[in-house]
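Now for the letters of each chain:
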Amino acid sequence: MTCRALCLFLVLLIAYPASAQNRQQIERQFRSWLEESVWPRASSEGVSRRVFDQAFQGVSLNWQLPDLVPPGTKPKTPKAQRQAEFGSPAKYFNRNSVDGATAVGRQMARRHADILAQVERETGVPGRIILGIWGRESGYGRVAIPYDAFEVLGTKGFMSTRAPYFTEQLIAALKIAEAGHKPASGMKSSWAGALGQPQFMPTSFLEYADDGDGDGRADIWGSEADTIASIARYLDRHGWLEGRDWGFEVNVPDTVSCTLEGPDQGRPIAEWEKLGITRVSNRPFPEHERRGEGYLLMPAGRNGPAFIVTPNFYVLKDYNMSDLYALFVGHVGDRIQYGMGDFTAGWGRVGDLYRSDIAAMQRALEKMGHDVGGADGLPGFKTRRSIGRWQEATGRDATCFPEAGMKSALR
């Protein structure tokens, strides 16, 4: 080997610590972890050796998954945002996604009218909300689910930023296979380990999967009736309030600070009206809603539509902890049933910052004493209103959303 080639080889070793040789060593550690840690626990919870071996036959680590922390490395805040629910609102509410979910949802509403009406009577969860979730999660079962669940959960349980959580999900997936709901060799998932048409994490399957077609099984992979019943059961168990809506798009005057956002700053909707907040339709809020508690939601700060939401909005967030997700579900459900159009206000050019940039802003705000909800690079309501409070305290116009120009000021 020439000196130049040797130098290049050494540079590559330094630049790529997870080399083929290192990966082989880590793969061996993975197999040891399965045998010494996962198998004893799975066995103690009723999983047979036959099912365990079927689950991991041919399975190796998937190095392409996000948020991995190989042995010997330290976790870092991801630079880019991989999950659409926490990215650009305009991209999330793109024309094809909204129109497609609405059009197919109307077809499904007609096809499954009986089971939708039945579960609404039993749980109080409106059929349009169930359809909104089903459409977002798997395109009403039309979107392929490409990953091997045991490869994903095994990889993330062994080396990810949330390893204990995914190990718990891995054990639950083994129990699902042991119970015969789905063969271990055919259990497919998303890149995050979510299963079936409603995209339940394995522990959620064990708790909420339901038999909607009466065949004695909860088949969320192949049965549309079971999928509908399972989504309804999940929302019911998480506290869906029968008779209340999820929320309303509103006009927020400049006299109402965007720092009033958040589920911990609720008040009766009638009191929001007294502050000058009105529905965009110019119609009054329903009287029973006026008496109920509502919360200001401004997912893009002053750079997008605003809403008064109800406790049911936060039940939707229990399904997926994203404001955009819950809005999409409610919005598509309203379009399916009521024929509603787009939000009145458009989405501004926000949501394109790197997570690492937002995390740096969050750390700066924390040093000032603000509660941003954690420096995770995700602009949740605590981060948004903390930015607004910092803007107000420094004489700026409060927009309540991270912007590129703030990076130098927030250090």
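Residues numbered from 1 in each chain as written. Predicted model: local features only at pLDDT ≥ 70, side-chain atom pairs only at ≥ 80, totals over all residues. Heavy atoms only, no water.

Draft legend 1. Representation of helix α5 (residues 95-111) in the model. Here α5 contains 17 residues, and its C-alpha end-to-end distance of 24 Å stays within 8% of the 24 Å for a straight helix at 1.5 Å per residue. Those residues of α5 that are buried lie in contact with α6 (113-123), α7 (127-138), α11 (224-237) and α15 (323-338). A distance of 3.2 Å separates the backbone nitrogen of N96 from a side-chain oxygen at the start of α5, and that oxygen is part of N94. (Helix = DSSP H or I, 4+ residues; strand = E, 2+ residues; numbered from the N terminus. Expected span 1.5 Å × (residues − 1). Contact = heavy atoms within 4.5 Å. Polar contact = N/O pair within 3.5 Å; in protein donor to acceptor, adjacent residues only side chain to side chain.)

Draft legend 2. How the structure looks around the sheet that holds strand β4 (residues 267-268). What the 5 strands build is an open sheet, ordered β4-β6-β7-β3-β5; its pairing is antiparallel. The open sheet terminates on both sides in strands that have one partner only, identified here as β4 and β5 (278-279). Looking at chain direction, strand β3 (residues 247-251) and strand β7 (residues 306-309) are connected through 4 bridges and run antiparallel. By the bridge assignment, F248 is partnered in β7 with I308. Packed on one face of the sheet, helix α14 (residues 311-319) meets β6 (293-297) and β7 and runs near 60° to β6. (Pairing = 2+ DSSP bridges. Axes fitted to C-alpha atoms, helices over the stretch in contact; angles between N-to-C directions.)

Draft legend 3. Representation of the pairing of β6 in the model. Among the 5 residues of β6, 4 are classified as buried, and the element is accordingly described as predominantly covered. Sheet topology places β4 next to β6; 2 bridges connect them, and they run antiparallel. Residue pairing for β6: P268 is matched across the bridge by E293. Two elements, β6 and β7, share 3 bridges in a ladder whose sense is antiparallel. Bridge pairing links L297 to F307 in β7. (Buried < 20%, exposed > 50% of the residue type's maximum accessible area, 1.4 Å probe, protein only.)

Draft legend 4. Here's a closer look at the packing of α14 against α15. Two elements in contact, α14 and α15, have axes whose closest approach is 9 Å; the angle formed by their N-to-C orientations is 115°. The angle between the axes of α14 and α15 places the two elements in the roughly perpendicular class. The chirality of how α14 crosses α15 is right-handed. From α14, F313, L316, K317 and Y319 reach across to α15, where they touch D323, Y325, A326, L327, V329 and G330. Residue composition of the contact of α14 with α15, by class: 7 nonpolar, 1 polar and 2 charged. (Parallel < 35°, antiparallel > 145°, perpendicular 65-115°, else oblique. Left-handed = near helix turned anticlockwise from the far one by under 90°. Nonpolar A, V, L, I, M, F, W, Y, C, P; charged D, E, K, R; others polar.)

Draft legend 5. Broad picture of the packing of α7 against α11. The interhelical angle for the contact between α7 and α11, taken along N-to-C directions, is 110°, at an axis separation of 10 Å. For the element pair α7 / α11, the angle class is roughly perpendicular. Relative to α11, the crossing made by α7 is right-handed. Listed contacts from α11 to I129, I130, I133 and W134 of α7 are E224, T227, I228, I231, A232 and L235.

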